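Each chain, letter by letter, is given below.
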Amino acid sequence: MSKITLRAAVSVCLAWACGCLALPVGLLAQEVSQTKSLEPQRPIALNLEEAVRLSLKMSPTLQASAFGVAGAKYDQRKNKGALFPTIKLTGAYTHMLKKQRVYFGSDDMASSPMGQFFPSEGIEMGQTHSLQGGVSAGLPLIAPQLWASLQLDKEAVALAEERARGSRVDLEAEVRKAYMAVLLARESLRVLEANYANAQTNYAQTAAKYEHGLVAEYDKIRMETQVKNILPNVVSAQTAVRLSEAKLKVVMGLPLSDSISLGEALPAYEEQIFGLLPESGEHAATALSLERNSDLRSLGLQQRQLEAALKVKKAAFLPTLSLSFTYQYNYAADQLRLDNSKRWSPFSTLGLSLNVPLYNGGARYNDLRASRVQIQQLQLQRLATQRQLELGLENARTEQRNALATFVAARDAVASASRGHEIARVRYSSGASTLLELNDAELALLQARLALSQAIHQYMISVFSLDELQGLDQLP
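Please read all numbers here as calculations on a predicted model, not as lab measurements. (Residues numbered from 1 in each chain as written. Predicted model: local features only at pLDDT ≥ 70, side-chain atom pairs only at ≥ 80, totals over all residues. Heavy atoms only, no water.)

### A look at the overall build of the protein
And then number 1: When helices and strands are counted, the protein shows 10 helices and 8 strands.
And then number 2: Split into buried and exposed, the 476 residues of the protein put 37% on the buried side.
And then number 3: Intrachain contacts of the protein at a sequence separation of at least 6 include 85% that bridge at least 24 residues. (Helix = DSSP H or I, 4+ residues; strand = E, 2+ residues; numbered from the N terminus. Buried < 20%, exposed > 50% of the residue type's maximum accessible area, 1.4 Å probe, protein only. Contact = heavy atoms within 4.5 Å.)

Encoded structure:
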């Protein structure tokens, strides 16, 4: 088996630390410029749970989902208002510019028996000023379509709430993954800085031995080269830390100018792995479930919404009955004198209105058929989505088991590499081995530590992915 180079090992860890990070380089420059322009502020102390809680408060995406739920509830209340009476005040004023003229009898008024009573030029009808004012009310008595639409509104609210919950689950998983990426980047930087400091110490000791003629010049040059080779990796690790922290801030909804302080380190999660071991045996099939998966639940709610809409369209075939009431005052006079009580005349009405739909060109029937087709399409879509999610669940479970095996192997590799490095250091100090053997031991220890950090990170990411796939909300 071929050996992995130091640069390749560092590149792998840095890829895990800032992988899936689509932030441009200009974003980092913007953060630096904003930090310089602002006064120093106290860093925000975070652990994993606090980071998730803060993101739930600050995330614009989650706030938009909450507004969507509120809007659906307002629509539901608005439609419920149609069940109550509608009462309104009405008023109108008309000024007649030219009165209408009415004629009686034939053109020859003299031949008409009533012609002598009416002038030949006709009679003007109407009043110059006319006022109407009153109150009207209406109440639906039998409204099947309105009743069915209330269930549709209820399903719309449930769908909005489920989408908001799905956004919350996705945000929690995204924040957890970004948080672990920061821990991995910082741990990689810590390991590389420790390796760099150790290489500087070895170089100083080798240079001192060379001055006294105890080692060859080749050993001094080789150790100096090793120090210079590690430095670019340290700089890359520092950049990875800044980028991963910037991504965490973006995901949490924090300004890039804010400073954060994480109170945890990646090795602290080494013990948590044993408390998050995957289920095995016959309990593995029942341990994981897609019952709370937001995508499946949303599709189920959409189907219920379509079924409720189908009932609304069926109710369009049924008759409706409504009650109406009107009480109104009329005023008409050539002179606008509102205190003239003789010109005010009230009237009121009470009525029932029955509407029986008979035929409208088959529009209602075809609308029903279209809704049934939509329900069938959604059922097939839900079945396809469920099968894909089941496959994803199986792959995620496999990745978790593989990550566990990698973690156990990496743990053993660190123990072996640490022991080998100690032996190589003692042998080199006593002159029993060469510098090349010591460098190989240090490289093996560095690779083992980086691999262990990567294994811890990968296992925690697999746990978060499984929780997200199952739709589990970790916080109340």
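### As for helix α4 (residues 60-80)
An α-helical segment advances 3.6 residues per turn. Residues three or four places apart therefore align on the same side.
And then number 1: With 21 residues, α4 extends 30 Å from end C-alpha to end C-alpha; this agrees with the ideal 30 Å at 1.5 Å per step.
And then number 2: If you check which residues of α4 are buried, you get Leu62, Ser65, Val69, Ala72 and Gln76. All buried residues of α4 fall inside an arc of 75 degrees around its axis, so they share one side. In α4, the exposed positions that point more than 90 degrees away from the buried face belong to Pro60, Phe67, Tyr74, Arg77 and Lys78.
And then number 3: Next to the buried residues of α4 lie α3 (48-58) and α5 (144-211). (Expected span 1.5 Å × (residues − 1). Arc of directions from axis to C-beta.)

### Some words on a nonpolar patch on the surface
And then number 1: Judged by side-chain polarity, Leu83, Phe84, Leu141, Ile142, Trp147 and Leu352 come together as a nonpolar surface patch covering roughly 600 Å² of accessible area.
And then number 2: Relative to the assigned elements, Leu141 resides in strand β5 (residues 129-142). (Patch = residues over 30% accessible without salt bridge, like charges linked within 9 Å, V, L, I, M, F, W, Y side chains within 5 Å. Areas by Shrake-Rupley, 256 points an atom, 1.4 Å probe, with all protein chains shown as cover. Salt bridge = Lys/Arg side-chain N within 4 Å of Asp/Glu carboxyl O.)

### Observations concerning the environment of Leu466
And then number 1: Summarising the element assignment, Leu466 is placed in helix α10 (residues 435-470).
And then number 2: Sequence separation between Leu466 and Ala173 is 293 residues, and the spatial gap between their C-alpha atoms is 9.5 Å.
And then number 3: If near-sequence neighbours (up to four positions away) are discounted, Leu466 is found in contact with Leu288, Leu393, Ala396, Arg397 and Gln400.

### Here's the deal with the packing of aromatic side chains
And then number 1: All told, the structure shown has 3 aromatic pairs when counted by the stated rule.
And then number 2: Ring plane angle 70 degrees and centroid distance 6.4 Å describe the contact between Tyr329 and Trp344, whose orientation is recorded as edge-to-face. Taken together, the positions of Tyr329 in strand β7 (residues 320-333) and Trp344 in strand β8 (residues 344-355) put the pair 15 residues apart, joining distant regions of the chain.
And then number 3: Ring geometry for Tyr331 versus Trp344: centroids 5.0 Å apart, planes at 40 degrees, classification tilted. Remark: Trp344 occurs in strand β8 and Tyr331 occurs in strand β7; sequence separation between them is 13 residues.
And then number 4: Judged by relative accessible area, which is 1%, Tyr331 ranks as buried.
And then number 5: Taken together, the aromatic side chains of Tyr327, Tyr329, Tyr331 and Trp344 make up a single cluster linked through ring pairs.
And then number 6: Across the ring face of Phe464, the terminal group of Arg176 is positioned such that the distance to the ring centre comes to 6.0 Å.
And then number 7: One residue, Arg364, lies across the ring of Phe317, its end atom 5.5 Å from the ring centre. (Phe/Tyr/Trp six-rings, centres within 6.5 Å; stacked < 30°, edge-to-face > 60°. Lys NZ or Arg CZ within 6 Å of the ring centre and 35° of its normal.)

### Details of the nonpolar core
Generally speaking, nonpolar side chains in soluble globular proteins are found buried as a group.
And then number 1: Judged by nonpolar contacts, the single largest core of 40 residues is most densely connected at Val175, Tyr179, Met180, Leu248 and Tyr269.
And then number 2: Contributions of two or more residues to this core are made by α3, α5, α6 (217-252), β6 (260-262), α9 (363-429) and α10.
And then number 3: Per element, the largest residue contribution to this core is 10 residues, and it comes from α10.
And then number 4: Ala185, Leu189, Ala199 and Val241 belong to the second largest nonpolar core, which has 14 residues in total. (Core = buried A, V, L, I, M, F, W, Y, C linked by side-chain atoms within 4.5 Å.)

### Let's talk about the pattern of salt bridges
And then number 1: Enumeration according to the criterion identifies 18 salt bridges in this entry.
And then number 2: In this structure, Glu224 engages Lys228 in a salt bridge whose closest nitrogen and oxygen atoms are separated by 3.3 Å. Separated by 4 residues within a single helix, Glu224 and Lys228 lie in helix α6, roughly one turn from each other.
And then number 3: Among the residues examined, Lys228 registers a relative accessible area of 55% and is labelled exposed.
And then number 4: The residue Arg411 makes a salt bridge to Glu270 at a minimum N-O spacing of 2.7 Å.

### Thoughts on a positive patch on the surface
And then number 1: Taken together, the side chains of Lys311, Lys314, Arg369 and Arg372 present a region of like positive charge at the surface.
And then number 2: For the positive patch, the secondary structure elements donating two or more residues are α8 (294-315) and α9.
And then number 3: Relative to the elements of secondary structure, Arg369 occurs in helix α9.
And then number 4: Classification of Arg369 as partly exposed rests on a relative accessible area of 47%. (Lys, Arg positive; Asp, Glu negative; His and termini not counted. Charge placed at Lys NZ, Arg CZ, Asp CG, Glu CD.)

### Here we look at the pairing of β5
And then number 1: Relative to β5, strand β2 (residues 86-95) runs antiparallel, the two being bridged by 10 bridges. Paired with Leu89 across the strands is Val135, a residue of β5.
And then number 2: Bridge count between β5 and β7: 13 bridges; the pairing is antiparallel. Directly across from Pro140, in β7, lies its bridge partner Ser322. (Pairing = 2+ DSSP bridges.)

Spatial relationships are all this shows, so hold off on functional conclusions.
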